[in-house]
Amino acid sequence: ASARLRVALRSLATEKGITNLLCEGGGRVLGSLHDAGMLDELEVFIAPKLIGNQSAISPLGGAGIGFVCDSATYQLADHELLDQDIHARYRRRHP
């Protein structure tokens with residue numbers, strides 16, 4: 001799936017001149033983008049609500065990340081308080 005995703009995104013860049021793309025979805029979409037190495041920014045919303053159970057869908061699908069030391073590092077770029085929710089934007093830090 002990540003190979004097809006790379007081809008599709010490369011086509012958008014070369015044929016249409018699109019260099020930035022907002023992708024919204026669940027764990028599968030996020031996992032596919034992560035596995036393809038195509039996550040440059042994260043938009044994170046935190047709300048004071050808890051939902052789910054032991055069979056709930058993970059926020060990160062795909063191959064995933066097993067250890068913290070294997071995770072990419074993101075730096076806080078901006079944040080705002082929206083009533084009781086928090087919206088934070090992170091940019092990937094490249095070593």
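Residues numbered from 1 in each chain as written. Predicted model: local features only at pLDDT ≥ 70, side-chain atom pairs only at ≥ 80, totals over all residues. Heavy atoms only, no water.

**Q** Just checking my understanding: could you explain the sheet that holds strand E1 (residues 41–46) for this structure?
**A** The pairing of strands in a sheet comes from backbone hydrogen bonds and takes either a parallel or an antiparallel form. Spatially, three strands are ordered E1-E3-E2 in an open sheet, and the strand pairing comes out antiparallel. The sheet terminates laterally at E1 and strand E2 (73–82), the two strands that pair on one side only. Between one strand and the next, the sheet's axes are offset by a mean angle of 20°, whatever the strand orientation. Pairing of E2 with strand E3 (residues 85–93), which is carried by nine bridges, proceeds in the antiparallel orientation. Bridge pairing in E3 links Asp78 to Arg89. (Pairing = 2+ DSSP bridges. Helix = DSSP H or I, 4+ residues; strand = E, 2+ residues; numbered from the N terminus. Axes fitted to C-alpha atoms, helices over the stretch in contact; angles between N-to-C directions.)

**Q** Can you help me understand the layout of surface pockets in this one?
**A** If you roll a probe as big as a water molecule over the atoms, it shows you where there is empty space left. The volume enclosed by the largest pocket comes to roughly 1000 Å³. Lining the largest pocket are 27 residues, with Leu21, Cys23, Leu33, Leu39 and Glu41 positioned closest to its centre. Elements represented by at least two residues in the lining of the largest pocket include exactly helix H1 (2–16), helix H2 (27–35) and E1. In terms of residue count, the dominant contributor to the lining of the largest pocket is E1 (five residues). Residues of the lining of the largest pocket, tallied by class, amount to 16 nonpolar, six polar and five charged. When its volume is computed, the second largest pocket comes out at roughly 180 Å³. Considering the residues around the second largest pocket, the lining is formed by Ile46, Ala47, Lys49, Ile51, Ala56, Ile57 and Pro59. (1 Å grid on protein atoms, 1.4 Å probe; cavity = no way out; pocket = protein on both sides within 12 Å on 5 of 7 lines; lining within 4 Å. Points joined across faces, edges and corners; volume = space filled by probe spheres on them. Nonpolar A, V, L, I, M, F, W, Y, C, P; charged D, E, K, R; others polar.)

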